[in-house]
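A look at the structure
Chain by chain, the residues run as shown.
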Amino acid sequence: IDAVLARQPERADHWSRRGYVLGVMNRDAEALAAYDRALSITPDDADAMYARADILLAQGDFARGFAAYEARWRVRGA
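Further remarks concern the packing of aromatic side chains. Aromatic ring pairs are defined here through the distance separating the ring centres and the angle between the ring planes. Scanning all chains against the criterion turns up three aromatic pairs. On the basis of an interplanar angle of 25 degrees and a centroid distance of 6.0 Å, the ring pair of Phe62 and Phe66 is categorised as stacked. Taken together, the residues Phe62 and Phe66, both in helix H5 (residues 62–69) and four residues apart, mark about one turn of the helix. Residue Phe62 is classed as partly exposed on the basis of its relative accessible area, which comes to 47%. According to the relative accessible area criterion, Phe66 is partly exposed, its value standing at 47%.

The terminal C-alpha atoms of helix H4 (residues 46–58) lie 18 Å apart, and with 13 residues this matches the ideal 18 Å at 1.5 Å per residue to within 8%. The elements touched by buried residues of H4 are helix H2 (12–24), helix H3 (28–41) and H5. Capping the start of H4, Asp45 holds a side-chain oxygen 3.0 Å from the backbone nitrogen of Asp47, two or three residues further along. Directly beyond the C-terminal end of H4, a positive phi value near 90 degrees is found at Gly60.

One can describe the packing of H4 onto H5 by two numbers: an axis separation of 8 Å at closest approach and a directional angle of 155 degrees. Between H4 and H5, the interaxial angle falls into the category roughly antiparallel. The crossing of H4 and H5 is left-handed. Every residue of H5 that contacts H4 at Met49, Tyr50, Arg52, Ala53, Asp54, Leu56 and Leu57 is listed here: Phe62, Arg64, Gly65, Phe66, Ala68 and Tyr69. Taken together, the residues of the contact of H4 with H5 break down into nine nonpolar, one polar and three charged.

Our next topic: a nonpolar patch on the surface. Taken together, the side chains of Ile1, Tyr20, Val21, Val24 and Met25 define a hydrophobic patch exposed on the protein surface, amounting to about 490 Å² of accessible area. Within the element layout of this structure, Tyr20 appears in helix H2.

Further remarks concern the side chain of Ser16. Looking at where Ser16 falls in the secondary structure, it is placed in helix H2. Given the relative accessible area of 15%, Ser16 is considered buried.

Now for unusual backbone geometry. Keep in mind that most residues, glycine aside, have a negative phi and that most peptide bonds are trans. Phi is positive for Asn26, close to 60 degrees, though the residue is something other than glycine. Tracing the backbone through its elements, the reader meets Asn26 in the loop between H2 and H3. Asn26 sits in the exposed class, given a relative accessible area of 65%.

What counts, and at which threshold
Throughout this document, residue positions are counted from 1 along each chain, in the order its sequence is written. Only residues with pLDDT of at least 70 get local features here, since the model is predicted, and only at 80 or more are side-chain atom pairs given and counted; chain-wide, interface and lining totals rely on the full set of residues. Side-chain metrics in this entry use all non-hydrogen atoms of the structure; hydrogen atoms and water are not considered. Any Phe, Tyr or Trp ring, taking Trp's six-membered ring, that has another such ring centre within 6.5 Å forms a pair; planes under 30 degrees apart are called stacked, those over 60 apart edge-to-face, and the others tilted. Where helices and strands are cited, they refer to DSSP runs of H or I of at least four residues and of E of at least two residues respectively, numbered from the N terminus. Buried, partly exposed and exposed residues are distinguished by accessible area as a fraction of the type maximum, computed with a 1.4 Å probe on protein chains only: under 20%, between the cut-offs, and over 50%, respectively. To estimate the expected span of a helix, subtract one from its residue number and multiply by 1.5 Å. What makes two residues a contact is simply this: any of their non-hydrogen atoms within 4.5 Å. For this analysis, a polar contact is any N or O atom pair within 3.5 Å, provided that within protein one partner can donate a hydrogen and the other can accept it, and provided that sequence-adjacent residues contribute only side-chain to side-chain pairs. Under this scheme, a helix contributes an axis fitted over its contacting stretch, all axes are lines through C-alpha atoms, and angles between N-to-C directions fall in the 0 to 180 degree range. Roughly parallel means an angle under 35 degrees; roughly antiparallel means over 145; roughly perpendicular covers 65 to 115; every other angle is labelled oblique. Definitions for this section: a left-handed crossing has its near helix turned counterclockwise from the far helix by less than a right angle. A right-handed crossing has that turn clockwise. Each residue is assigned to one of three groups, with Ala, Val, Leu, Ile, Met, Phe, Trp, Tyr, Cys and Pro labelled nonpolar, Asp, Glu, Lys and Arg labelled charged, and all others, Gly among them, labelled polar. Patch members must show over 30% relative accessible area and no salt bridge, and they are joined within 9 Å when carrying like charges or within 5 Å when they are nonpolar side chains of Val, Leu, Ile, Met, Phe, Trp or Tyr. All accessible-area figures derive from a Shrake-Rupley calculation using a 1.4 Å probe, and residue coverage is judged against the displayed protein chains alone. By definition here, a salt bridge exists when the distance from a side-chain nitrogen of Lys or Arg to a carboxyl oxygen of Asp or Glu is within 4 Å.

Below, the structure written as structure tokens:
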């Protein structure tokens, strides 16, 4: 994913994929940074916001986590 991002850093979907992979690897700080980058490109990306919320909630950051968790209503197929 990093090689693809080096060529196309403007692709929010690639940043979200990177966030997902890092989250699965329990590298939460890096995953949050990747989701933040995705959201800086497409601020209304419900999938990235929802995934970011899951990490924040798992870390016990309930204030930011629950605020972002509202994006679940906009996730396709949820």
